[in-house]
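Reading the structure
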Amino acid sequence: MATLQTKGLTYCYSAGTPFEKVAVDHVDLEIPSGAFVGLIGHTGSGKSTLIQHLNGLLRPTEGTVLLDGEDIWADKKKIRQVRFRVGLVFQYPEYQIFEETVARDIAFGPRNMGLPEEEVQARVREAAVITGLTPAILEQSPFLLSGGQKRRVAIAGIMAMRPEILILDEPAAGLDPRGREEILREIAEYRRQTGATIVLVSHSMEDVAQYAESILVMNAGKIFCYDTVSNVFRRSQEMQAIGRFKIVMTLLFIVMLFLGEHLYSLGYGLVYCLIALLLSRIPVKMIWKSVRPLLPILLITAALDMFFLDDGTVYFHWHFLKITSDGVNTAVLMVVRIIVLLVGSS
C-alpha cells in the first residue's frame with residue numbers, strides 16, 4: 001500500500017488577480033499506508049482543495065505531493081496512473097452516473113484501466129458485494145434507484161478500480177441515519193478486505209470518532225491539528241473557539257456599520273467588541289494571529305484617511321499634509337471595520 005505526503009503544499013485560486021485566495025497554505029502532511037484518517041474543518045477551511053491535490057486533480061501553486069516518496073507531478077504522463085492508485089469520491093457522486101446499467105457504470109473505471117473483460121467483471125462483482133448491491137440491481141438502470149443506492153453505485157465504481165488510497169468527500173451527506181451508517185460500514189469493510197488507506201472528509205464528529213484512527217483538522221487553509229482521535233478531542237475547546245470566532249467577528253462588523261463617525265460612538269462600539277470577545281472566550285493569540293498580516297493595509301488606510309481629510313479641527317499642517325479631527329475619527333473607524341471584516345471572513 002502507498003504512503004501520501006505533502007511538503008509545503010500551497011494553492012491559490014485566481015493567482016495574480018485582485019481576487020487571489022490562498023485556499024491551502026504551506027501544508028506539510030503524511031498519511032501512512034493503511035491508515036484511516038478523518039478530515040474535518042468548517043466550510044472554506046481548505047478540505048476539498050487539499051484532497052483534490054492528493055490525486056492530481058489540482059496542481060500545487062507551490063510545494064509537492066509525494067506518493068511513495070515520488071512527486072506525482074514529476075512526469076505529467078504518469079498522472080493518470082496516480083489517479084488509478086488514489087481514488088477520489090466527490091460529494092454527491094451519484095450526479096456523475098451516466099451508464100445504461102449499474103454494472104456498466106461500475107465497470108467504467110476498470111475498463112479505462114485497460115483490464116481484460118474477465119477481470120473487469122470480477123471487480124464489478126466484488127465492488128457490488130462490498131457496497132451491498134445485489135445481482136438484480138446490477139442489471140437495472142441506475143436512474144431508477146433510490147438516492148442511497150445511487151450513492152453506493154458511484155462509490156462502487158471507484159472501489160472497482162482497487163485504489164490503494166480511497167478519499168471520500170462527505171460520502172454520507174444527505175442520507176438518513178440508516179443509509180449513512182451502511183455507507184460508512186461498507187467503506188470500513190473495503191479497507192478491511194484490501195488494506196487500503198482511507199481519507200474520510202466529514203462534518204460529523206460522531207462518524208469520524210467511530211471509524212477514523214486519526215483526525216486532521218483544517219482551519220483557514222492550514223493544519224490546525226493532526227493527531228489520534230483521543231488527542232484531537234482533548235482540544236475540543238480550541239476547535240469550538242474557531243467557530244465562535246467567525247460568528248462573533250461577523251456580528252461585530254454589523255455593529256460597526258451602524259456606528260457614527262465620532263470617537264465617542266466608536267468608543268461605545270469598541271467596548272461592545274471587547275465584551276463580546278471576552279464572553280466568547282476566544283484566545284488572544286488567535287486574534288493577534290489573524291490581525292498581524294493586515295498591518296500594512298491598516299497603516300495605509302489610516303494614513304489616507306488621516307492626512308487627506310480637510311474637515312474638523314486642524315491638529316497638524318505641513319505642506320499638503322493635514323491632520324484633522326474628522327480625519328482621525330474616520331481613520332480609526334475604518335481601521336477597526338477592516339480588522340473585523342477581514343478577520344471574520346478569513
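These figures come from a predicted structure and were not determined experimentally.

1. Some points on unusual backbone geometry
Positive phi, close to 50 degrees, is recorded for tyrosine 92, a residue that is not glycine. Among the structural elements, tyrosine 92 can be located in the loop between strand 6 (86-89) and helix 3 (102-112). Judged by relative accessible area, tyrosine 92 falls into the partly exposed class, the value being 32%. Located in the positive-phi region is arginine 162, a residue other than glycine, with phi close to 50 degrees. Among the secondary structure elements, arginine 162 is positioned in the loop between helix 6 (147-159) and strand 7 (165-169).

2. Let's talk about the pairing of strand 3 (residues 36-40)
Among the five residues of strand 3, five are classified as buried, and the element is accordingly described as predominantly covered. Residues Phe36, Gly38 and Ile40 point to one face of strand 3 and Val37 and Leu39 to the other, with burial holding for every one of them. In this sheet, strand 8 (residues 197-201) lies alongside strand 3 in parallel orientation, the contact comprising four bridges. Bridging across to strand 8, phenylalanine 36 finds its partner in isoleucine 198. Relative to strand 9 (residues 214-219), strand 3 runs parallel, the two sharing four bridges. Note on strand 9: the bridge partner recorded for glycine 38 is isoleucine 215.

3. Focus on the pattern of salt bridges
On inspection of all chains with the given rule, the structure shows 16 salt bridges. Residue aspartate 25 is joined to lysine 222 by a salt bridge in which the shortest nitrogen-to-oxygen separation is 3.0 Å. Taken as a pair, aspartate 25 in strand 2 (residues 21-31) and lysine 222 in strand 10 (residues 222-228) lie far apart in primary sequence, 197 residues in all. Among the salt bridges present, the one from arginine 162 reaches glutamate 126, with a minimum N-O distance of 3.1 Å. Here glutamate 126 lies in helix 4 (residues 117-130) and arginine 162 lies in the loop between helix 6 and strand 7, a separation of 36 residues in the sequence.

4. Things to note about the sheet that holds strand 7
Through backbone hydrogen bonds, the strands of a sheet pair up, either in parallel or in antiparallel fashion. Spatial strand order, 6-7-8-3-9-10: six strands in an open sheet with mixed pairing. Only two strands of the sheet have a single partner each, and these edge strands are strand 6 and strand 10. On average, each strand axis in the sheet is inclined to that of its neighbour by 15 degrees, with strand direction left out of account. Pairing geometry for strand 9 and strand 10, over six bridges, is antiparallel. Paired with leucine 216 across the bridge in strand 10 is tyrosine 226. Its contacts with the sheet place helix 7 (residues 177-194) against strand 3, strand 7 and strand 8, and it is angled at close to 160 degrees to strand 8.

5. Thoughts on the layout of surface pockets
As a volume, the second largest pocket reaches approximately 620 Å³. If you go around the second largest pocket, you meet 22 residues; those closest to its centre are Leu88, Gln96, Phe108, Ile158 and Met161. Where the lining of the second largest pocket is concerned, the elements lending two or more residues are helix 2 (79-85), strand 6, helix 3 and helix 6. Residue composition of the lining of the second largest pocket, grouped by class: 13 nonpolar, six polar and three charged.

6. Notes on helix 6
When the terminal C-alpha atoms of helix 6 are compared, their 19 Å separation across 13 residues agrees well with the 18 Å that a helix rising 1.5 Å per residue should span. Those residues of helix 6 not exposed but buried are Arg151, Arg152, Val153, Ala154, Ile155, Ala156, Gly157, Ile158 and Met159. Where helix 6 is buried, its residues meet strand 6, helix 3, helix 4, strand 7 and helix 7.

7. Things to note about empty space enclosed by the protein
Here the structure, examined in full by the defined rule, presents one cavity of 30 Å³ or more. Approximately 30 Å³ is the volume found for the largest cavity. Among the secondary structure elements, those contributing two or more residues to the lining of the largest cavity are strand 2, strand 3 and helix 1 (47-54). Examining the composition of the lining of the largest cavity, we find that three residues originate from one element, helix 1, more than from any other. Grouping the constituent residues of the lining of the largest cavity by class yields nine nonpolar, no polar and no charged.

Reading the values: rules and limits
- Residues numbered from 1 in each chain as written.
- Predicted model: local features only at pLDDT ≥ 70, side-chain atom pairs only at ≥ 80, totals over all residues.
- Heavy atoms only, no water.
- Helix = DSSP H or I, 4+ residues; strand = E, 2+ residues; numbered from the N terminus.
- Buried < 20%, exposed > 50% of the residue type's maximum accessible area, 1.4 Å probe, protein only.
- Pairing = 2+ DSSP bridges.
- Salt bridge = Lys/Arg side-chain N within 4 Å of Asp/Glu carboxyl O.
- Axes fitted to C-alpha atoms, helices over the stretch in contact; angles between N-to-C directions.
- Contact = heavy atoms within 4.5 Å.
- 1 Å grid on protein atoms, 1.4 Å probe; cavity = no way out; pocket = protein on both sides within 12 Å on 5 of 7 lines; lining within 4 Å.
- Points joined across faces, edges and corners; volume = space filled by probe spheres on them.
- Nonpolar A, V, L, I, M, F, W, Y, C, P; charged D, E, K, R; others polar.
- Expected span 1.5 Å × (residues − 1).

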